[in-house]
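# Observations on chain architecture
For reference, the chains in residue letters:
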Amino acid sequence: MPESNHEPIISIQGLEMNYGGKQVLKGINLDVYEGQIIGYIGPNGAGKSTTVKIMLGLIKGYSGRVRIFGKEISDGEVEYKARIGYVPEIAEMYDSLTAQEYLTFVGELYGLERRLADHKAQRLMEQFGLEEVYFNRISSLSKGMRQKVLLISSLLHNPDILFLDEPLSGLDANSVMVVKEMLASLAAEGKTIFYSSHIMEVVEKISSRIVLLNEGNVVADGSFEQLQEQLHEGTLEEIFTELTGYHEHKDTAARIVSIVKEVQR
Amino acid sequence: MNDFKTLIVLDRCKALFEKAGMDYVQMRRILQIKLTMDGRRAPTLIGKTSRSADPDELSNQFLKSLWIYAVMGAVMTPFVVRGHNLIFQMSIVFGILMFMITTSLISDFSSVLLDVRDHTILGSKPVNAKTINMAKAIHIMIYLFFITGSITAAPLVGVLFRHGIVFFLIFVLEIVLMDLLIVAITALLYWLVLRFFDGEKLKDIINYVQIGLTMVMAVGYQLIARVFNLVDLQIGYEAQWWHVFLFPVWFAAPFEWLFGGYRGEAIIVFSLLSVLLPLLAVWIYVRMIPSFEANLRKLSTQTSRKKGRGGRWPDVLGRWICRSREERVFFRFALGMIRKERDYKLKVYPSLGLSLIFPFIFMFNTFNSGSSWEEIRSGNSYLFMYFCAVMIPSAVMMLQYTSTPKGAWIFNTVPLRNHEPVYKGTLKACIAQLILPIFVMESIIFTVIFGVRILPDLLVILIMTLLYTVISFRLMGLEMPFTEPAQAGTQSGRAGLMLLLFLILGAMAGLHFALRFSTYGVYVLMAVALIANIAAWKLAFRNL
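The following refers to the structure shown. These figures come from a predicted structure and were not determined experimentally.

When you go through chain A residue by residue, the secondary structure sums to nine helices and 10 strands. The C-alpha radius of gyration of chain A comes to 20 Å, within 12% of the 18 Å expected for a compact globule of 265 residues. Along the longest, intermediate and shortest principal axes, the C-alpha atoms of chain A span 60 × 55 × 40 Å. Across chain A, the fraction of contacts at a sequence separation of at least 24, relative to all contacts at a separation of at least 6, is 67%. Accessible area for chain A stands at about 13000 Å²; split by element, carbon and sulfur atoms hold 48% of it. The average position of the 26 basic charges and that of the 38 acidic charges among the side chains of chain A differ by 5 Å.

What follows covers the pairing of strand β2 (residues 22–32) of chain A. Pairing of strand β1 (residues 10–19) of chain A with β2 of chain A, which is carried by eight bridges, proceeds in the antiparallel orientation. Looking at the pairing, L15 of chain A lines up with I28 of chain A of β2 of chain A.

Moving on, we get to the sheet that holds strand β4 (residues 63–68) of chain A. All names here are of chain A. A sheet is described by the order of its strands in space; here four strands give the open sequence β2-β1-β4-β5, paired in antiparallel fashion. The open sheet has two edge strands with one neighbour each: β2 and β5 (71–72). Sheet strands in contact with helix α1 (residues 48–55) are β1, β2 and β4, and its direction is about 115° off that of β1.

Residues and elements named next belong to chain B. Evaluation of the coordinates by the stated rule reveals 21 aromatic pairs over all chains. Seen from their ring centres, F167 and F255 are 4.8 Å apart, and the 35° between their planes marks the pair as tilted. Placement of F167 in helix α10 (residues 165–196) and of F255 in helix α12 (residues 247–259) is noted, with a sequence separation of 88 residues between them. Here F167 matches F255 in class, with each residue buried. The interplanar angle of 45° and the centroid separation of 4.7 Å between the aromatic rings of F167 and F259 together place this pair among those described as tilted. In this pair, F167 sits in helix α10 while F259 sits in helix α12, placing the two residues 92 residues apart along the sequence.

Residue and element names in this part refer to chain A. Not every positive phi belongs to a glycine, and F69 is a case in point at roughly 55°. With respect to the element layout, F69 can be found in the loop between β4 and β5. Even without being glycine, E215 reaches a positive phi, approximately 50°. Mapped onto the secondary structure, E215 falls in the loop between β9 (209–214) and β10 (217–222). Judged by its relative accessible area of 53%, E215 is exposed.

Further remarks concern the packing of helix α14 (residues 313–321) of chain B against helix α15 (residues 325–340) of chain B. All names here are of chain B. The geometry of α14 relative to α15 is characterised by a closest axis approach of 9 Å and an angle of 135° between their N-to-C directions. In terms of axis orientation, α14 runs oblique to α15. As for how α14 packs across α15, the hand of that crossing is right-handed. For the pair α14 and α15, the contacting residues are W313, P314, D315, L317, G318, R319 and I321 in the first and E327, R328, F331, R332, L335 and R339 in the second. Tallied by class, residues from the contact of α14 with α15 come to six nonpolar, one polar and six charged.

Turning to the side chain of S96 of chain A, a few remarks are in order. Relative to the helices and strands, S96 of chain A is located in the loop between β6 (84–87) and α2 (99–109). A relative accessible area of 19% places S96 of chain A in the buried class.

Turning our attention to the nonpolar core. By size, the foremost hydrophobic cluster in this structure holds 75 residues, and its most contacted members are Y344, Y386 and L434 of chain B. Secondary structure elements with two or more residues in this core: α15, α16 (342–368), α18 (392–397), α20 (420–450), α21 (455–476), α22 (495–515) and α23 (521–539) of chain B. With 14 residues, α20 of chain B is the single largest residue contributor to this core. Discounting residues that sit within four places of it in the chain, L434 of chain B has contacts with I338, Y344, V348, Y349, L352, A395 and A429 of chain B. V149, Y195 and A220 of chain A together with I142 of chain B belong to the second-largest nonpolar core, a separate cluster that totals 72 residues.

This next bit is on a negative patch on the surface. Side chains of D75, E77 and E79 of chain A together with E18 and D23 of chain B sit close together on the surface and give a patch of like negative charge. For D75 of chain A, the location among the structural elements is in the loop between β5 and β6. Residue classification places D75 of chain A among the partly exposed positions, given a relative accessible area of 46%.

This brings us to the pairing of β6 of chain A. All names here are of chain A. Burial along β6 is two-sided: I84 and Y86 and G85 and V87, pointing in opposite directions, are all buried. As judged from the four bridges shared by β6 and strand β7 (residues 161–165), these two strands associate in the parallel manner. Residue pairing for β7: V87 is matched across the bridge by L164.

This part is about the interface of chain B and chain A. Reports often express the size of an interface as the amount of accessible area lost when the parts come together. Taken residue by residue, the interface counts 30 residues in chain B and 26 residues in chain A. In total, chain B and chain A occlude about 2600 Å² of area from one another, counting both sides; carbon and sulfur atoms represent 61% of this. At the surface where chain B touches chain A, the tally comes to two salt bridges. In this structure, R29 of chain B and E108 of chain A form a salt bridge, with 2.2 Å as the shortest nitrogen-oxygen distance. Our enumeration of links across chain B and chain A arrives at nine residue pairs in polar contact (both at pLDDT 80 or more). Going through the elements one at a time, α3 (24–39), α4 (55–58) and α8 (117–123) of chain B are the ones with two or more residues in the side of chain B that touches chain A. The element that contributes the greatest number of residues to the side of chain B that touches chain A is α3 of chain B, accounting for eight residues.

To continue, consider the pattern of salt bridges. If you walk through the whole model with that rule in mind, you get 12 salt bridges over all chains. A salt bridge links E327 of chain B to K428 of chain B, with the shortest nitrogen-to-oxygen separation between them at 2.6 Å. Pair noted here: E327 of chain B is in helix α15 and K428 of chain B is in helix α20, with a separation of 101 residues, a long-range link. Exposure class is identical for E327 of chain B and K428 of chain B. Each is buried. Taken together, the shared-partner salt bridges connect R83, D160 and K191 of chain A into one network.

Another aspect to go through is the sheet that holds β6 of chain A. All names here are of chain A. Pairing within the open sheet is mixed, and its six strands lie in the order β6-β7-β8-β3-β9-β10. The open sheet terminates on both sides in strands that have one partner only, identified here as β6 and β10. Direction aside, neighbouring strands of the sheet carry axes that sit 15° apart on average. In terms of strand pairing, strand β3 (residues 37–41) meets β9 through four bridges, oriented parallel. Of the residues in β9, the one forming a bridge with I38 is R209. Running at roughly 145° to strand β8 (residues 192–196), helix α5 (residues 173–188) makes contact with β3, β7 and β8 of the sheet.

Scanning the entire structure with this criterion turns up zero disulfides over all chains. Note on C322 of chain B: no disulfide assigned, nearest cysteine sulfur contributed by C430 of chain B at a separation of 13 Å.

What follows covers the side chain of R28 of chain B. With respect to the helices and strands, the residue R28 of chain B is situated in helix α3. With residues near it in sequence (within four places) discarded, R28 of chain B still touches D3, L7, I8 and D11 of chain B.

Scoring rules and cut-offs
Residues numbered from 1 in each chain as written. Chains lettered and ligands numbered in written order. Predicted model: local features only at pLDDT ≥ 70, side-chain atom pairs only at ≥ 80, totals over all residues. Heavy atoms only, no water. Helix = DSSP H or I, 4+ residues; strand = E, 2+ residues; numbered from the N terminus. Rg over C-alpha atoms; globule rule 2.2 N^0.38 Å. Contact = heavy atoms within 4.5 Å. Areas by Shrake-Rupley, 256 points an atom, 1.4 Å probe, with all protein chains shown as cover. Lys, Arg positive; Asp, Glu negative; His and termini not counted. Charge placed at Lys NZ, Arg CZ, Asp CG, Glu CD. Pairing = 2+ DSSP bridges. Axes fitted to C-alpha atoms, helices over the stretch in contact; angles between N-to-C directions. Phe/Tyr/Trp six-rings, centres within 6.5 Å; stacked < 30°, edge-to-face > 60°. Buried < 20%, exposed > 50% of the residue type's maximum accessible area, 1.4 Å probe, protein only. Parallel < 35°, antiparallel > 145°, perpendicular 65-115°, else oblique. Left-handed = near helix turned anticlockwise from the far one by under 90°. Nonpolar A, V, L, I, M, F, W, Y, C, P; charged D, E, K, R; others polar. Core = buried A, V, L, I, M, F, W, Y, C linked by side-chain atoms within 4.5 Å. Patch = residues over 30% accessible without salt bridge, like charges linked within 9 Å, V, L, I, M, F, W, Y side chains within 5 Å. Salt bridge = Lys/Arg side-chain N within 4 Å of Asp/Glu carboxyl O. Buried area = accessible area lost by both parts, 1.4 Å probe. Polar contact = N/O pair within 3.5 Å; in protein donor to acceptor, adjacent residues only side chain to side chain. Disulfide = S-S within 2.5 Å.

By themselves, these are just geometric observations and shouldn't be taken as functional.
Structure follows, in structure tokens:
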């Protein structure tokens, strides 16, 4: 746990959540400090998205304490959201709108002046190489372009915390480099980034701290180097499979291949 | 994006909303976005429009559809200005109103009630729940205002001139109460469906309502002329206990109470119900919003399904009617698409329903023109069954369209030597799933009416129908099945071809009619049609 003498920006204590009789989160404890890039990883269904959605106030009915910017979020106040940017896993947008309409709309909801939101969105689109499609409908954009629009929509209001769920999906290698570099710079500026992904190589490289979730519990928490040391494993991928107790990948692969080969010509 | 006049009107109430704890600026912005998106969505009544078209060009689709509602609403005017049987007339008016508004709410506005994106997009922003809910409520109110307004415009004017201002105001009040009841009941219905089923089921139900709406509108045109005769009927009203279950009667009751002659206790009870129940329904709905929102999440989550029904049936059927293995593959594929593609169903099923009814409409016309029931039974009216085949060309043509044209890459990546089995299998699936069931259903009804003597004729009609299907297919010159994006005007763009096909069908029926007089004519025709059929099925799929 990184030592710090100031207040955590996010503080989660004993967070539990039930979904239709199934316990998805079984008591998460987590303190996050300014400037950290948290790699928030875990197998499908481990509860990553649920945690993020609880912090955004999208899911209610949890038990435990969630404090963001030093304030309890369960009191119904929504002001704290103005300092948060969010990229959901599924690129949900109003896609019959043009990129301009959507981005100015989101900017305004975050409290920006319309002209400023428009101007800022247009310049960000330019930097992402999307100036051509600023006035096109989002439904006509490719997967990578949509992802970039989504990224821009989370950045317009200069948030202090970023929740990014698989933010690089569909982006080409060059854009991935840009986004990775951008995240590092933002963290250096003191922004906090909560990064969920299944691509271990990226998480390994950009995260200053890795939190591994399995079946609703935090099973590892620390920098990549610390985890390497603790577990005597080389890569994050190996750490991941070690901690989530999955050792059958070779057997499963072998079974798949044998099923594939069954076809007769 | 334009500034909507509706919002400028709304601006006057700004202080009111702010006093109630809502962020008016944000709410207005959300509404502006929602109205913009509505403009880009084509209502069911108009049909789908090209997706790539310029945003501004499309933005008035909704306003255009209002004209259709206004015209349909005008039909009700006679009910409110003529006659003296208030409870009866007003019940019919409210019945029609409730039907039209409910169906259009379900078919065109479900996407608003059920938009799961709102939760993620708006919920993650600093907008309080009150503002979001109010924006949603006002959005629905704006929509209802326009729809109800245009449907009731003509009747309202009629009422104002015929019955005076008090009657008019009560009419307005009852219409508003009816709208409240409709919204609350629709929402509660969704809540129920979502509670027990998953989102896919709800989408299917909405799809069937859309199909129903389109069908009833089309049949409605046929019936309107007949309904007018009802207006002048003098039926004494006698309240029955089961009238409690007829919503329209509640809303009609106050008029009878205040302006009509009948003043029984039942009328007073109904009148009170028409005021209290809508309010009660809204109260229940408001209390259930949180539970509704929670169930909405089901729309985006997948629940695992049990193995689908009728898993064996396509296999067996495929083995019977498809010779090659490839053909069977596409037969099964097309069968699945026809059953599940909601867009296809929405476009084809209404005309299927119509073709089921068509023969009877014509038969009843003969009935009305003076022939007796006995005359009809011993006559040739069974040849009206050819009208069933009227829908075949559009059903066949629609086979090439899909709402997900991007999936078509699969056809180009699999090793297909020629495309014959693709088309043949698809066409056979269309026959097995759509044309044959209609034919069988109709045949049973016709045999009951006309007796077994028409069985040979029915067989001829079946063979002719199959021949007609393959002719339609060949003349259309289809693209690969389920590969083209559905676009507006696709049907009207082929008006000439459709007319030609209609004439061909007419010629077939004419031939049948002419040969029916000779003793063996029907059997000769059967043999000829059979040979033509075999030849056509052999030839139609060449060079594809």
